[in-house]
Amino acid sequence: KAWKAELVLLLCTLIWSGTFLFTKIGLDYTSPAFFMILRYSVGLFFAFLFCGKHLKTINHEIIRQGCG
């Protein structure tokens, strides 16, 4: 199903390119630090939403290996 893969790729490209406009508008109204906090908070929310059950298996050893 190559057409499905191309459709998903097109959708990702449209979403990704659309964020440039929102970034420009967002930086006109807030400081860069606040904008980054807001942006990463939204990303963290969606990470917990989609991957929350997998995050329960993370322990200190996994965190140490990920940082090293």
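Above this note sits the structure.
The text that follows walks through the structure, step by step, so that each part is easy to find.

The rules behind the values
- Residues numbered from 1 in each chain as written.
- Predicted model: local features only at pLDDT ≥ 70, side-chain atom pairs only at ≥ 80, totals over all residues.
- Heavy atoms only, no water.
- Helix = DSSP H or I, 4+ residues; strand = E, 2+ residues; numbered from the N terminus.
- Rg over C-alpha atoms; globule rule 2.2 N^0.38 Å.
- Buried < 20%, exposed > 50% of the residue type's maximum accessible area, 1.4 Å probe, protein only.
- Areas by Shrake-Rupley, 256 points an atom, 1.4 Å probe, with all protein chains shown as cover.
- Phe/Tyr/Trp six-rings, centres within 6.5 Å; stacked < 30°, edge-to-face > 60°.

**A closer look at the overall build of the protein chain**
Part 1 of the argument: Looking only at helices and strands, the protein chain features three helices and zero strands.
Part 2 of the argument: Of the regular secondary structure in the protein chain, the N- to C-terminal order runs α-α-α.
Part 3 of the argument: For the protein chain, whose C-alpha radius of gyration is 17 Å, the value lies well above the compact-globule estimate of 11 Å for 68 residues.
Part 4 of the argument: Going through the 68 residues of the protein chain one by one, you find that 3% of them count as buried.
Part 5 of the argument: Carbon and sulfur atoms make up 74% of the accessible area of the protein chain, which amounts to about 6,500 Å² in all.

**Describing the packing of aromatic side chains**
Part 1 of the argument: Enumeration over the complete set of coordinates arrives at three aromatic pairs.
Part 2 of the argument: Geometrically, the ring pair formed by W16 and F20 is edge-to-face, given 5.3 Å between the ring centres and 70 degrees between the ring planes. With W16 and F20 both in helix α1 (residues 2–29) and four residues apart, this pair spans about one turn of that helix. The burial state of W16 is the same as that of F20; both residues are exposed.
Part 3 of the argument: With 5.3 Å between their ring centres and 75 degrees between their planes, F45 and F46 make a pair best called edge-to-face.
Part 4 of the argument: Assessed through its relative accessible area of 39%, F46 is described here as partly exposed.
Part 5 of the argument: Here the aromatic cluster, defined as three or more aromatic residues joined through ring pairs, consists of F45, F46 and F50.

Nothing here speaks to function; it is all geometry.
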